[in-house]
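Each chain, letter by letter, is given below.
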Amino acid sequence: MIIVSDKVVDIWGKIIGINLTTGFHLPPVTFLRKDATDEGVNHEHIHLIQGVELLTIGFYVVYVANYLYNRIRGMNHIDSYKNVLFEVEAYENENNLKYLFKRKIWAWLKK
């Protein structure tokens with residue numbers, strides 16, 4: 001499910017302390033800004049597939065555990081977020097709009 005709402009994106013960004021330029025994905029829902037770019041939508045769709053692979057709850061568990069691991073290693077909030085395995089895969093491939101057609105299962109593990 002996709003919900004388009006700049007207000008929801010702004011509120012969530014303030015809650016998590018990240019400037020969300022496109023939107024965010026909280027499985028099973030993707031929230032997007034009205035002016036979301038194709039690359040931004042692709043980034044969120046990559047998260048959608050990651051969530052499917054981990055049956056949603058696993059996505060949350062791995063995401064939070066990886067973020068906390070990054071913090072324990074001494075990274076600040078922003079770096080911890082950007083180095084979550086799911087984010088690394090999504091950021092590295094958001095500009096390749098054909099990525100999801102060739103993506104291998106569990107691709108985020110190879111980061």
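Just above, that's the structure.
Presented here is an overview of the structure given in this document. Here the structure is a predicted model, which is why all the values come from computation and not from measurement.

### Digging into the pairing of strand β3 (residues 29–32)
Then step 1. Residues of β3 alternate between two faces, with Val 29 and Phe 31 on one and Thr 30 and Leu 32 on the opposite face, all of them buried.
Then step 2. Of the pairings in the sheet, the one linking strand β1 (residues 2–4) to β3 comprises 3 bridges and is parallel in character. Note on β3: the bridge partner recorded for Ile 2 is Thr 30.
Then step 3. Counting the residues between successive antiparallel strands, the hairpin from strand β2 (residues 23–26) to β3 contains 2 residues.

### Some thoughts on the packing of aromatic side chains
Then step 1. Taken as a whole and assessed by the stated rule, the structure comprises 9 aromatic pairs.
Then step 2. Geometrically, the ring pair formed by Phe 59 and Tyr 60 is edge-to-face, given 6.2 Å between the ring centres and 75° between the ring planes.
Then step 3. The exposure class assigned to Phe 59 is buried, which follows from its relative accessible area of 3%.
Then step 4. Exposure remark for Tyr 60: the relative accessible area of 29% places this residue in the partly exposed category.
Then step 5. Seen from their ring centres, Trp 106 and Trp 108 are 5.8 Å apart, and the 55° between their planes marks the pair as tilted.
Then step 6. On the basis of relative accessibility, which here comes to 4%, the residue Trp 108 falls in the buried class.
Then step 7. Three or more aromatic residues joined by ring pairs form one cluster here, namely Phe 59, Tyr 60, Tyr 63, Phe 86, Trp 106 and Trp 108.

### Details of the nonpolar core
Then step 1. Within the largest apolar cluster, 14 residues are counted, with the highest numbers of intra-cluster contacts made by Tyr 63 and Phe 86.
Then step 2. Mapped by element, the contributors of at least two residues to this core are β3 and α3 (57–72).
Then step 3. Tallying contributions element by element places α3 first for this core, with 3 residues.
Then step 4. If near-sequence neighbours (up to four positions away) are discounted, Tyr 63 is found in contact with Tyr 81, Val 84, Phe 86 and Glu 87.

Reading guide: rules and limits
- Residues numbered from 1 in each chain as written.
- Predicted model: local features only at pLDDT ≥ 70, side-chain atom pairs only at ≥ 80, totals over all residues.
- Heavy atoms only, no water.
- Buried < 20%, exposed > 50% of the residue type's maximum accessible area, 1.4 Å probe, protein only.
- Helix = DSSP H or I, 4+ residues; strand = E, 2+ residues; numbered from the N terminus.
- Pairing = 2+ DSSP bridges.
- Phe/Tyr/Trp six-rings, centres within 6.5 Å; stacked < 30°, edge-to-face > 60°.
- Core = buried A, V, L, I, M, F, W, Y, C linked by side-chain atoms within 4.5 Å.
- Contact = heavy atoms within 4.5 Å.

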